[in-house]
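A structural walkthrough
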Amino acid sequence: MSEKITAKITAVGHYVPDYVLTNAELETLVETNDEWIRSRTGIRERRILKDPAKATAFMGSEAAKEILKNRGIDGSEIDCIVVATVTPDYFFPATACLIQREINAVNAYGFDISAACSGFLYALTTGASLIESGRYKKVMVIGADKMSSIVDYTDRTTCIIFGDAAAGVLLEPDTGGTGIIDYIQRCDGKDSELLCMPAGGSLNPANHETVTDRLHFLRQDGRTVFKKATESMADVSLEIMEKNGLESDDVAWFVPHQANFRIIDATARRMGLSIDKVMMNIEKFGNTTAATIPLCLYEWSGRLKKGDNIILASFGGGFTWGSVYLKWAI
Ligand code: UT7
């Protein structure tokens, strides 16, 4: 009988823009204040890609180059590039194709996944399936979003939250029991409109009215999303722990989507985890949508040990949510 193949993470990489948008600067744009933003969200600052000639594919390519460098391989060795984003450079071609060009991945194919804040988890499990099938050996999974391109900087309920970034991982086969062990993923379109960008798609193509009505910006019913996110992230994280016989002591790290520190705190409590086991960098980067989880993995990678049990969890537009259980492999 052939050995079971799992997909293990063998390298991580990231990119964050230099420009720091502070709470103090936001105070000059909308009626808000540093104390409100910090106490309600945990965010002090976020990064913004200011250069109008650069967008999501640029950030994703920088992260991809760092992944190649850290793994010590060339772009030609990559079989597939999966990119999670809701801010692609274009509707088409896919951001994955633009990254493929930038990193010279001459033997790769690639595609984008649209699942908002759960995008990275959906992309990760899709990439893992490609590895588990035995057909592919090196799959790059990138989460990248230039949120500043769809944020309305006159809307204080959303503009304080989001930032720009990209990060990702390389997946390779393993037969030693590490890598992605299990996952649970869900979506529910019942309340899709509570977190969406109303125009720019085929339902409301761009025209004078859609621009005047500011329909090309992200909109969110924060309070309802907050409630759903807190319930769903905790439920799905507990479910994956139970399914895999994990007690809170068995979990080395919890990597939640960085939307609001209060959601993260409530989720960790329900999982019985102390906050020192929770990766949290929302203070520095805000909510970077598809990039939050790999950005945490990148920042913490030096502290992770082979065999560490790690739970990833997300909730976002769609609604989409899920959790992934992996054993760190490097
Ligand atoms: O990543 C995708 C998933 N997204 C999320 O998970 C985000 C979930 N939602 C949230 O994180 C929170 O709901 C927010 C951070 C968006 C808002 O925090 P909140 O504690 O839910 O505030 P709220 O919407 O209940 O508003 C409370 C008050 C309101 O004033 P009134 O009606 O009580 O007078 C708002 O108008 O705070 C006001 N407010 C602000 N005040 C100062 C809203 N935004 C601001 C602001 N500065 N930026």
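Residues numbered from 1 in each chain as written. Predicted model: local features only at pLDDT ≥ 70, side-chain atom pairs only at ≥ 80, totals over all residues. Heavy atoms only, no water.

On to the overall build of the protein chain. Each helix and strand counted, the protein chain has 10 helices and 13 strands in total. Relative to the globule expectation of 20 Å for 330 residues, the C-alpha radius of gyration of the protein chain, 19 Å, shows essentially globular dimensions. Taken along its principal axes, the extent of the C-alpha atoms in the protein chain is 60 × 45 × 35 Å. Counting every position in the protein chain, which comprises 330 residues, the buried fraction comes to 52%. Nonlocal contacts in the protein chain, meaning residues at least 24 apart in sequence, comprise 76% of its contacts between residues at least 6 apart. When the accessible surface of the protein chain is totalled, it reaches about 14400 Å², and 50% of it is carbon and sulfur. If the 35 positive side-chain charges of the protein chain are averaged to one point and the 43 negative ones to another, these points end up 2 Å apart. (Helix = DSSP H or I, 4+ residues; strand = E, 2+ residues; numbered from the N terminus. Rg over C-alpha atoms; globule rule 2.2 N^0.38 Å. Buried < 20%, exposed > 50% of the residue type's maximum accessible area, 1.4 Å probe, protein only. Contact = heavy atoms within 4.5 Å. Areas by Shrake-Rupley, 256 points an atom, 1.4 Å probe, with all protein chains shown as cover. Lys, Arg positive; Asp, Glu negative; His and termini not counted. Charge placed at Lys NZ, Arg CZ, Asp CG, Glu CD.)

This part takes up the site of the ligand. The local shell around the ligand holds 23 residues, among which Thr32, Arg40, Arg223, Asn260 and Asn287 are the closest. Between an oxygen atom of the ligand and a side-chain N or O atom of Trp36, the distance comes to 3.4 Å. Between the ligand and Asn287 there is a distance of 2.6 Å, counted from an oxygen atom to a side-chain nitrogen or oxygen. About the coverage of the ligand: the protein hides 77% of its 950 Å² of free accessible area. Among the elements of the structure, helix 2 (34–41), helix 7 (222–243) and helix 8 (261–271) are those that each provide at least two residues to the shell around the ligand. Of the residues belonging to the shell around the ligand, the class tally is 10 nonpolar, 8 polar and 5 charged. (Near = heavy atom within 4 Å. Polar contact = N/O pair within 3.5 Å; in protein donor to acceptor, adjacent residues only side chain to side chain. Nonpolar A, V, L, I, M, F, W, Y, C, P; charged D, E, K, R; others polar.)

A few words now on the layout of surface pockets. Empty space within the second largest pocket amounts to approximately 160 Å³. Every residue along the wall of the second largest pocket is listed here: Ala57, Phe58, Ser61, Glu62, Lys65, Asp89, Tyr90, Leu98, Arg101 and Glu102. Across the lining of the second largest pocket, the residue classes break down as 4 nonpolar, 1 polar and 5 charged. (1 Å grid on protein atoms, 1.4 Å probe; cavity = no way out; pocket = protein on both sides within 12 Å on 5 of 7 lines; lining within 4 Å. Points joined across faces, edges and corners; volume = space filled by probe spheres on them.)

In contact at an axis separation of 9 Å, helix 3 (residues 56–71) and helix 4 (residues 95–102) are set at 50° when each is read in the N-to-C sense. Taken together, the axes of helix 3 and helix 4 are oblique relative to one another. Between helix 3 and helix 4 the crossing geometry is right-handed. Residues Thr56, Ala57, Gly60, Ser61, Ala64 and Lys65 of helix 3 form the contact with helix 4, whose participating residues are Thr95, Leu98, Ile99 and Glu102. For the contact of helix 3 with helix 4, the residue count by class is 4 nonpolar, 4 polar and 2 charged. (Axes fitted to C-alpha atoms, helices over the stretch in contact; angles between N-to-C directions. Parallel < 35°, antiparallel > 145°, perpendicular 65-115°, else oblique. Left-handed = near helix turned anticlockwise from the far one by under 90°.)

Read across the sheet, 5 strands follow the order 1-7-6-4-5 without closing on themselves; strand pairing throughout is mixed. Of all strands in the sheet, those with a lone pairing partner are strand 1 (6–15) and strand 5 (109–113), marking the two edges. On average, each strand axis in the sheet is inclined to that of its neighbour by 20°, with strand direction left out of account. Direction of pairing for strand 4 (residues 80–84) relative to strand 5: parallel, over a ladder of 5 bridges. Bridge pairing in strand 5 places Val83 opposite Asp112. Sheet strands in contact with helix 3 are strand 1, strand 6 (139–146) and strand 7 (164–174), and its direction is about 120° off that of strand 1. (Pairing = 2+ DSSP bridges.)

Our next topic: the domain arrangement of the protein chain. As far as domains go, the protein chain holds domain 1 (6–176) and domain 2 (181–327). In this structure, domain 1 and domain 2 have C-alpha centres spaced 14 Å apart. In this complex, domain 1 contributes 48 residues to the contact, which on the side of domain 2 involves 45 residues. Both sides of the domain 1 and domain 2 interface together cover about 3700 Å² of buried area, and 65% of this is carbon and sulfur. Connecting domain 1 to domain 2 are 2 salt bridges. The salt bridge partner of Arg44 is Glu283, with a shortest N-O separation of 2.6 Å. Linking domain 1 with domain 2 are 17 residue pairs in polar contact (both at pLDDT 80 or more), by the criterion used here. Those elements that place two or more of their residues in the side of domain 1 that touches domain 2 are strand 1, helix 2, strand 3 (45–48), helix 5 (119–132), strand 6 and strand 7. Per-class residue counts for the side of domain 1 that touches domain 2 are 24 nonpolar, 14 polar and 10 charged. (Domains from an automatic or database assignment. Buried area = accessible area lost by both parts, 1.4 Å probe. Salt bridge = Lys/Arg side-chain N within 4 Å of Asp/Glu carboxyl O.)

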